[in-house]
Amino acid sequence: DIVLTKDHLPRIYFSNVAYGQASDYRGVEAGVYDLEARRTGTEEVLFAASGVTFGDGNVNTLLALGLAGGSPALQIVNSLDAPAPTRLRLVHALTGVGAVDVLIDGLHVYTQSVAFGAYMPYQSLETGQRTVQVVAAGTTRSSAVWATTI
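From a predicted model like this one, the values you see are computed outputs, not experimental measurements.

Visitor: Would you mind showing me how to read the overall build of the chain here?
Guide: Looking only at helices and strands, the chain features 0 helices and 12 strands. Taken from the N to the C terminus, the helices and strands of the chain come in the order β-β-β-β-β-β-β-β-β-β-β-β. Residues classed as buried in the chain amount to 29% of the 150 residues present. Put simply, 46% of the contacts in the chain that link residues at least 6 apart link residues at least 24 apart. On the chain, roughly 9100 Å² of surface is accessible, and the fraction owed to carbon and sulfur atoms is 51%.

Below is the structure:
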């Protein structure tokens, strides 16, 4: 569960979002919040952050990365989303992989050895189907550790 607290009033905004799943977007009043990720249906706090700001008219995406009680530790990334046209932003959430480079349609797009939990700048894309591959930093597309078509 994702709990946001403003003015000492906690509210569950997202409940029972399973690993690998996404929720719908929800409206959040602009302001500064305390954020907690809790084990679903309990008061057990897995991650906490104070002073998380949500701006008026912004679209934010919260990403939970890592393992509850494991390594790498659970963390939450708050990403301010970009408006149209089609743009892609990737977050390194692959555990046990190390730093990565990202290829789109076989071309290196992000080659700065992106560390776990980091997110890359937006990349503008032409309309149409694209192949995205994640490779260990400094390697080639034939050694992809993750790939998908979008």
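There is more to say after this.
Visitor: I keep staring at the pattern of salt bridges and nothing clicks. Help me out?
Guide: A side chain with one charge can pair with a side chain of the opposite charge if their charged atoms come near. Here the structure, examined in full by the defined rule, presents 5 salt bridges. Salt-bridge contacts for Glu36 lead to Arg38; the nearest nitrogen and oxygen are separated by 2.7 Å. Using a relative accessible area of 15% as the deciding quantity, one classes Arg38 as buried. The residue Asp105 makes a salt bridge to Arg130 at a minimum N-O spacing of 3.4 Å. Taken together, the residues Asp105 in the loop between strand 8 (100–104) and strand 9 (107–114) and Arg130 in the loop between strand 10 (123–124) and strand 11 (131–136) connect sequence positions 25 residues apart. Look at Arg130 and you get buried, because its relative accessible area is 15%.

Visitor: In this structure, what is going on with the packing of aromatic side chains? I would like to understand it.
Guide: Two descriptors summarise a pair of aromatic rings, namely the distance from one centre to the other and the angle between the planes of the rings. Tallying each qualifying case throughout the model produces 1 aromatic pair. Residues Tyr33 and Phe54 carry aromatic rings whose centres are separated by 5.6 Å and whose planes lie at 70 degrees to one another, so their mutual orientation is edge-to-face. Of this pair, Tyr33 sits in strand 3 (residues 31–38) while Phe54 sits in strand 4 (residues 45–54); the two residues are 21 residues apart in sequence, bridging distant segments of the chain. Note on accessibility: Tyr33 and Phe54 belong to one class, buried. Positioned over the ring face of Tyr13 is Arg11, at 4.5 Å from the centre of the ring.

Visitor: How should I be thinking about the sheet that holds strand 4 in this particular structure?
Guide: Two modes of strand pairing occur in sheets, parallel and antiparallel, and in both the strands are linked by backbone hydrogen bonds. One open sheet holds the 4 strands; their spatial order is 2-1-3-4, and the pairing between them is antiparallel. A strand with exactly one partner marks an edge of an open sheet, and here the two such strands are strand 2 (9–14) and strand 4. Within this sheet the neighbouring strands show an average axis-to-axis angle of 25 degrees, counted without direction. Sheet topology note: the strand 1 (residues 2–6)/strand 2 ladder contains 5 bridges and is antiparallel. The partner of Ile2 across the bridge, within strand 2, is Phe14.

Visitor: Any chance you could explain the pairing of strand 11 here in plain terms?
Guide: Two faces make up the sheet, and in a regular strand the side chains alternate between them. Inspection of the sheet shows strand 8 paired to strand 11 by 5 bridges, in the antiparallel sense. Counterpart to Asp101 in the pairing with strand 11 is Val135. Where strand 11 lies against strand 12 (residues 144–149), 5 bridges are found, and the strand directions are antiparallel. Each bridged residue has a counterpart across the sheet, and for Val134 the counterpart in strand 12 is Trp146.

Rules used in this analysis
Residues numbered from 1 in each chain as written. Predicted model: local features only at pLDDT ≥ 70, side-chain atom pairs only at ≥ 80, totals over all residues. Heavy atoms only, no water. Helix = DSSP H or I, 4+ residues; strand = E, 2+ residues; numbered from the N terminus. Buried < 20%, exposed > 50% of the residue type's maximum accessible area, 1.4 Å probe, protein only. Contact = heavy atoms within 4.5 Å. Areas by Shrake-Rupley, 256 points an atom, 1.4 Å probe, with all protein chains shown as cover. Salt bridge = Lys/Arg side-chain N within 4 Å of Asp/Glu carboxyl O. Phe/Tyr/Trp six-rings, centres within 6.5 Å; stacked < 30°, edge-to-face > 60°. Lys NZ or Arg CZ within 6 Å of the ring centre and 35° of its normal. Pairing = 2+ DSSP bridges. Axes fitted to C-alpha atoms, helices over the stretch in contact; angles between N-to-C directions.

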